[in-house]
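# Report on the structure
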Amino acid sequence: MVAARDGGLCRIRLPGGRLTATQAQAVAQAARTHASGAIELTNRANLQVRGVCAGSEHALSETLMRAGLGPEADVPAIPGHDAAARENACAADDLRNLMLSPLAGCDPEACFDTTQLVAPILDLLQGEARFAALSPKFALLVDGGERLAALDHPHDIWLAALAHEDSVAFAFGLAGTPCDGALGAVTPAQVPALIRALLHAFLDLAQDDKRRMREVCAVHGAHAVLQHAQRYLDFAPLRDESVCRWTRASVETAARLGAHALHADGTGYAGAQPPLARLDAGTLDALASLAQTHGDATLRITPWQGVILPNVAAGAMSLVLAQLRTLGLVTDPAAPLARLIACTGSAGCAKSRADTKADAQRLAASLPAQADVHLSGCERSCAAAHRAPWTLLAVAHGCYDLYARDAAHAGFGRLVASHLTIEAAAQRLAQPPRSTPDV
Ligand code: SF4
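About the thresholds
- Residues numbered from 1 in each chain as written.
- Predicted model: local features only at pLDDT ≥ 70, side-chain atom pairs only at ≥ 80, totals over all residues.
- Heavy atoms only, no water.
- Domains from an automatic or database assignment.
- Contact = heavy atoms within 4.5 Å.
- Buried area = accessible area lost by both parts, 1.4 Å probe.
- Salt bridge = Lys/Arg side-chain N within 4 Å of Asp/Glu carboxyl O.
- Polar contact = N/O pair within 3.5 Å; in protein donor to acceptor, adjacent residues only side chain to side chain.
- Helix = DSSP H or I, 4+ residues; strand = E, 2+ residues; numbered from the N terminus.
- Near = heavy atom within 4 Å.
- Nonpolar A, V, L, I, M, F, W, Y, C, P; charged D, E, K, R; others polar.
- pLDDT = per-residue confidence, 0-100.

According to the domain assignment, the chain consists of domain 1 (253–333) and domain 2 (339–429). Distance between the C-alpha centres of domain 1 and domain 2: 27 Å. Counting residues at the interface gives five residues for domain 1, matched by nine residues for domain 2. Summing the contributions of domain 1 and of domain 2, the shared interface buries around 590 Å²; its carbon and sulfur component is 50%. Ranking the residues of domain 1 by area buried against domain 2 places Leu276, Arg278 and Gln305 at the top, with a combined share of 77%. Inspection of the region where domain 1 meets domain 2 yields zero salt bridges. Inspection of the domain 1/domain 2 interface yields one residue pair in polar contact (both at pLDDT 80 or more).

Right under this line is the structure:
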């Protein structure tokens with residue numbers, strides 16, 4: 001729980017982005033009873049309840065923990081970790097992000113069902129007091145080779161399944177994505193031990209101000225971090241030619257939205273996203289009911305701030321899509337609101353220089369085709385873990401600098417134009433790319 005301009009903010013970690021329909025209903029009920037009713041989907045596939053009423057924090061946490069959400073769900077076997085400790089952990093914003101594919105466990109084309117690794121990884125993350133020092137933003141990706149995975153987001157540690165000598169191994173790397181090439185590979189049974197060793201190595205090498213793996217790798221190099229991790233391992237990771245030459249198959253992130261068959265009988269999933277990652281309690285309740293009626297009574301929150309309903313029968317798919325649209329969710333990847341992300345903005349964050357969500361809604365009316373835009377109220381970039389093709393960085397109320405993603409420029413990219421209104425930004429985005437910024 002943290003303070004925000006619009007009241008308390010309760011972050012609900014969802015290992016692998018998964019929650020049951022019953023848990024979704026509990027979140028909706030808690031948001032309605034103890035907060036403003038607004039719920040956000042995050043780019044680490046978590047939920048957050050906004051506008052928690054002063055004095056209701058304890059009741060909200062209790063409601064969520066009774067539903068199996070929060071620390072209590074993950075740590076009952078840890079000696080000495082009683083209810084008070086769990087609540088303290090919750091209050092301390094004790095989040096660690098374990099990200100799986102939203103299709104983990106239900107994509108027949110995947111190399112490995114990564115859902116079976118969730119419990120041992122969570123046990124190790126919460127079983128050693130030292131790991132509480134990890135940044136709440138520290139993110140682990142365990143990729144089973146599904147057709148949908150967060151390959152556009154950098155992760156502090158990533159592992160990705162690959163076929164290896166009639167079996168499966170997990171390639172791994174640091175501060176990047178499975179598209180970057182692997183440092184080595186381990187067997188599925190060795191995955192928890194490898195993660196543990198890499199976390200200890202990170203904490204050994206990180207200076208006080210270095211909170212993310214990319215910062216430690218920038219100082220020491222990824223191979224040195226791995227070499228340091230070796231002192232915590234009783235096996236050596238594989239580094240044969242097949243691992244070194246392995247490349248992750250690309251994914252089409254547009255497949256996060258709409259209807260997609262996964263099996264020969266047409267059973268598959270329906271994907272949608274609420275406009276600008278925010279929905280109300282009633283909509284979350286309705287999503288839970290849809291999953292109970294037409295899916296497998298689970299929801300998967302995606303790292304693209306959307307939701308997937310898995311295991312929908314072919315015959316129900318068009319009805320589910322229609323109901324998702326009736327609820328106000330976007331199901332078409334070409335729709336303007338599927339191509340816009342915005343941080344909380346000045347309505348909920350004191351750091352914001354503009355009302356980014358309201359400005360994004362205005363931009364949606366004139367957003368040129370093909371333009372994917374991120375509106376950020378300040379340099380912290382809370383809404384985007386990745387670098388968007390275009391970023392509008394607020395400089396004042398209703399006024400933005402425009403950046404284009406560019407490998408030669410760090411941060412948001414190349415500054416293209418300064419001090420644009422939303423209308424001027426839409427016009428500039430419609431123009432062909434230029435080599436000289438208009439600043
Ligand atoms: S990016 Fe900045 S302004 Fe936006 S929510 Fe984060 S801290 Fe607030």
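Another aspect to go through is the environment of Asp107. Its location among the elements puts Asp107 in the loop between strand 6 (97–99) and helix 5 (118–127). Each C-alpha atom of the pair Asp107 and His263 lies 8.4 Å from the other, and the pair is 156 residues apart in sequence. Each residue touching Asp107, except ones within four places of it in the same chain, is listed here: Glu146, Arg147 and Leu262. Of note is the side chain of Asp107, whose polar atom sits 2.7 Å from the side chain of Arg147.

On to the site of the ligand, then. Inspection of the region around the ligand gives Cys343, Thr344, Cys349, Lys351, Ser352, Ser376, Gly377, Cys378, Arg380, Ser381 and Cys382 as its neighbouring residues. Among the residues making up the shell around the ligand, the classes are represented as four nonpolar, five polar and two charged.

Take the confidence of the model for the chain next. Detailed conclusions should not be drawn from predicted coordinates in areas where pLDDT is low. Averaged over every residue, the pLDDT of the chain is 91; the share at 70 or more is 92%. Scored below 50 in pLDDT, residues 72–93 shows 29 contacts in the model against residues more than four places distant or in partner chains.

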